[in-house]
Amino acid sequence: MTQLAMAGDDWLSDNDRKRTTRAIAARKKAALAAAKKLEAATDAVNAYLHACNECNDGSGGERGGAWDGRRLLMRDLTEFAGWLTAVYDKEDRT
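None of the values given here were measured: they were computed from a predicted structure.

### What to know about the pattern of salt bridges
As a working rule, side chains carrying opposite charge can pair if their charged atoms are close by. According to the stated counting rule, one finds four salt bridges in the structure shown. For R70, the salt bridge is made with D68, and the minimal N-O distance between the two is 2.7 Å. The exposure class assigned to R70 is buried, which follows from its relative accessible area of 18%. What makes D68 buried here is its relative accessible area of 8%. The salt bridge partner of D76 is R75, with a shortest N-O separation of 3.0 Å. Among the residues examined, R75 registers a relative accessible area of 48% and is labelled partly exposed.

Written out as structure tokens, the structure reads:
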């Protein structure tokens, strides 16, 4: 039987393994940094929403309720930040 493709860990050089390890570490670092920034963005949008509510001029979320775009944005930012943290921060929780 003839092998047609060289794939898998058996065919990776040490440089390939190191490059892959560095790329995975960089992805994890970027994901955790993004999660922190997404949480900060959520806090900023929330502060803006509270400031709009204080104005009592209709710019707050009272009309849109749960469907207000700012609330949807905060929900989505929080969800994605949580996913990033759950996926890329699990090694640190052992």
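### Considering helix α1 (residues 14-55)
Relative to the 62 Å expected for 42 residues at 1.5 Å per residue, α1 spans 62 Å between its end C-alpha atoms, a close match to the ideal helical length. Those residues of α1 that are buried are in contact with α2 (69-88). Count one or two residues on from α1 and you reach N56, which has phi positive near 50 degrees.

What counts and what doesn't
Residues numbered from 1 in each chain as written. Predicted model: local features only at pLDDT ≥ 70, side-chain atom pairs only at ≥ 80, totals over all residues. Heavy atoms only, no water. Salt bridge = Lys/Arg side-chain N within 4 Å of Asp/Glu carboxyl O. Buried < 20%, exposed > 50% of the residue type's maximum accessible area, 1.4 Å probe, protein only. Helix = DSSP H or I, 4+ residues; strand = E, 2+ residues; numbered from the N terminus. Expected span 1.5 Å × (residues − 1). Contact = heavy atoms within 4.5 Å.

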